[in-house]
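A closer look at the structure
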Amino acid sequence: MDASMQRELRDVFGTFVTGVTVVTTRDAQGTPHGVTANSFSSVSLDPPLVLWSQSLKANSFPAFRDSEHFVVNILAEQQVDVSQRFARAGTDKFDGVAVSSNEHGMPRIEGSTAFIECRKVATYPGGDHAVFLGQVERFHRTHSRPLAFGNGKYMVTHVHDLGPVSDDPAAATLEQLGALRLIHHALPDIAARLQGIVGLGVWANAGPTVVRWEPGPDPLTKELVSGVVVSPIESATGLAFCAHLPQRKYGRIVEAAIGKLPPRELTLAAFEARLAVIRQQGVARSVTQAAVDIAGLSAPIFNREGRMIAALTLADRAEALRGEDDCPRTRALREEAAALSRRIGAPAPAA
Ligand SMILES: Cc1cc2nc3c(=O)[nH]c(=O)nc-3n(C[C@H](O)[C@H](O)[C@H](O)COP(=O)(O)O)c2cc1C
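The shown structure was predicted, so the numbers you read here are calculated from the model rather than taken from an experiment. (Residues numbered from 1 in each chain as written. Predicted model: local features only at pLDDT ≥ 70, side-chain atom pairs only at ≥ 80, totals over all residues. Heavy atoms only, no water.)

1. A closer look at the domain arrangement of the chain
As a reminder, the rule being used: As annotated, the domain borders come from an automatic or database domain assignment.
Per the domain assignment, the segments making up the chain are domain 1 (3-150) and domain 2 (161-343). In this structure, domain 1 and domain 2 have C-alpha centres spaced 45 Å apart.

2. Things to note about the pairing of strand β6 (residues 69-74)
Which entries qualify depends on this criterion: Buried, partly exposed and exposed residues are distinguished by accessible area as a fraction of the type maximum, computed with a 1.4 Å probe on protein chains only: under 20%, between the cut-offs, and over 50%, respectively. Labels follow the DSSP assignment, with helices taken as runs of H or I lasting at least four residues and strands as runs of E lasting at least two, numbered in each case from the N terminus. Paired strands, in this sense, are two strands between which DSSP finds at least two bridges.
Within β6, five of the six residues are buried, which leaves the element mostly enclosed by the surrounding structure. Relative to β6, strand β2 (residues 21-26) runs antiparallel, the two being bridged by four bridges. Paired with T21 across the strands is I74, a residue of β6. Looking at chain direction, β6 and strand β9 (residues 114-126) are connected through six bridges and run antiparallel. Note that in β9 the partner of V72 across the bridge is I116.

3. Digging into unusual backbone geometry
The amide bond that connects D46 to the next residue, P47, takes the cis arrangement and shows omega of 0 degrees. Here P47 is to be found in the loop between β4 (41-45) and β5 (48-55). Although it is not a glycine, R264 adopts a positive phi angle of roughly 65 degrees. For R264, the position within the fold is in the loop between α6 (247-259) and α7 (268-281). Overall, the relative accessible area of 78% leaves R264 in the exposed class.

4. Some words on the site of the ligand
Cut-off, in case you're wondering: In this text, near means that some heavy atom of the residue lies within 4 Å of the molecule or strand in question. For this analysis, a polar contact is any N or O atom pair within 3.5 Å, provided that within protein one partner can donate a hydrogen and the other can accept it, and provided that sequence-adjacent residues contribute only side-chain to side-chain pairs. Per-residue and other accessible areas were derived by the Shrake-Rupley procedure at a 1.4 Å probe size, with only the shown protein chains allowed to occlude residues. Only protein atoms enter the 1 Å grid used here, on which a cavity is any set of points holding a 1.4 Å probe that cannot leave and a pocket is any open set flanked by protein within 12 Å on both sides along at least five of seven lines; residues with an atom within 4 Å of a point are listed as lining. A molecule is counted as occupying a cavity or pocket when more than half of its atoms fall within 2 Å of that pocket's grid points. Nonpolar residues are Ala, Val, Leu, Ile, Met, Phe, Trp, Tyr, Cys and Pro. Charged residues are Asp, Glu, Lys and Arg, and all others, Gly as well, are polar.
Every one of the 19 residues lining the ligand counts as a neighbour, but T36, S39, S55, S60 and F86 are closest to it. S39 places a polar side-chain atom, nitrogen or oxygen, 2.7 Å from an oxygen atom of the ligand. At a separation of 2.9 Å, an oxygen atom of the ligand approaches a polar side-chain atom of K93. Coverage of the ligand by the protein amounts to 81% of the 640 Å² it exposes when considered alone. In a pocket analysis with a 2 Å cut-off to the grid points, the ligand is assigned to the largest pocket. Put simply, the parts of the chain that give the shell around the ligand at least two residues each are β3 (32-37) and β5. Here the residues of the shell around the ligand sort into seven nonpolar, ten polar and two charged.

5. A closer look at the environment of R26
The line we're drawing: We call two residues in contact when some of their heavy atoms are within 4.5 Å.
Position of R26 relative to the elements: it lies in strand β2. Between the C-alpha atom of R26 and that of D66, which follows or precedes it by 40 residues, the distance is 9.7 Å. Every residue in contact with R26, bar those within four places of it in the chain, is listed here: T31, P32, S67, S101, G105, M106 and P107. At a separation of 3.1 Å, a polar atom in the side chain of R26 contacts the main-chain carbonyl oxygen of G30.

6. Concerning the sheet that holds β5
Paired through backbone hydrogen bonds, the strands of a sheet run either parallel or antiparallel to each other. Definition in use: In this analysis, axes come from line fits to C-alpha atoms, helices being fitted only over the stretch in contact, and the angle between any two N-to-C directions falls in the range 0 to 180 degrees.
Spatially, the seven strands line up as an open sheet ordered β3-β2-β6-β9-β10-β5-β4, and their pairing is antiparallel. Edge strands, defined here as strands with exactly one partner in the open sheet, are β3 and β4. Strand-to-strand twist across the sheet, computed as the mean angle between neighbouring axes with direction ignored, equals 30 degrees.

7. Describing the side chain of T21
Relative to the helices and strands, T21 is located in strand β2. Within the structure, T21 has its side chain in polar contact with the backbone oxygen of A37 (distance 2.6 Å). Excluding residues within four positions of it along the chain, T21 makes contact with V35, T36, A37, F40, V72, N73, I74 and L75.

As structure tokens, then:
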């Protein structure tokens with residue numbers, strides 16, 4: 001296989017998301033060795049067996065090959081630095097790392113989510129790697145969250161939000177929280193696809209509130225503050241909500257906002273007419289004067305009952321979002337919001 005195909009295959013292997021372990025041992029001279037490894041896998045419960053594979057080129061390979069024992073330390077979410085440290089070839093990996101020793105003198109790294117202490121029962125050839133099979137002699141777990149690794153990046157784990165959905169009305173709030181969590185986790189990928197800063201807006205007790213801006217590479221992000229109530233009549237998020245919530249939800253808040261404008265600048269009737277256009281276009285737009293002019297585009301996300309529960313907002317410099325109503329980014333935003341609605345279980349829109 002040529003070098004470019006190998007790189008491609010490595011990327012394909014990388015799509016399989018794993019936990020991260022540091023496998024440790026001690027050689028005959030008493031020197032500890034440890035390597036970051038995500039090739040760990042459980043094999044059997046009866047007898048209890050695990051495996052991992054190591055590159056034949058690793059400096060520590062002779063130590064693992066010759067040792068009778070090893071420990072698999074399953075790293076916790078906050079141990080990225082430990083993973084990095086044990087992924088570098090070197091002799092000082094254990095400096096400053098809190099370890100304890102098991103009865104065979106094998107190092108256990110403190111703070112790990114779990115330890116699996118093993119006796120090596122077989123070594124198999126595996127191309128440029130050796131596969132070590134270990135019988136589990138002792139194990140210990142904590143309840144800290146594990147670190148994950150996929151596509152060449154460290155990751156954190158969250159429970160999947162698309163479990164069975166309850167019909168119990170009392171579970172509705174929980175279901176809403178689950179839906180918001182799902183949207184929350186989807187934001188980084190959406191920001192990457194839309195090539196901009198995306199925000200998650202909810203309708204909270206004081207009206208439209210952007211609970212999170214997913215930053216983009218543009219320093220414009222600094223202008224956008226998370227956790228603030230935004231204008232129901234001027235922000236894209238606020239307009240999107242008003243266009244899709246029942247009037248009794250937004251009426252009082254909108255009247256108060258209109259009341260603060262110069263007299264006759266906006267009437268309730270003119271505002272309602274604007275909402276009708278937003279409903280028809282599927283997105284709301286705004287331009288906010290800040291240090292730079294920021295434009296917002298906001299699309300509704302609906303839940304299973306067809307009620308708007310969140311706004312997906314794209315923010316960018318005003319000149320970057322100018323253009324006709326149906327520009328590709330507007331369409332892309334609308335499609336992202338519709339895809340999230342479908343994931344939450346919203347009924348398909350009437351054709
Ligand atoms: C997330 C991650 C997973 C890794 N998994 C393995 C693995 O399963 N097997 C392996 O041989 N190397 C793996 N490596 C690379 C080794 O950690 C690295 O080559 C090793 O620490 C070199 O140490 P040494 O030469 O001092 O023995 C991984 C690196 C990272 C960052």
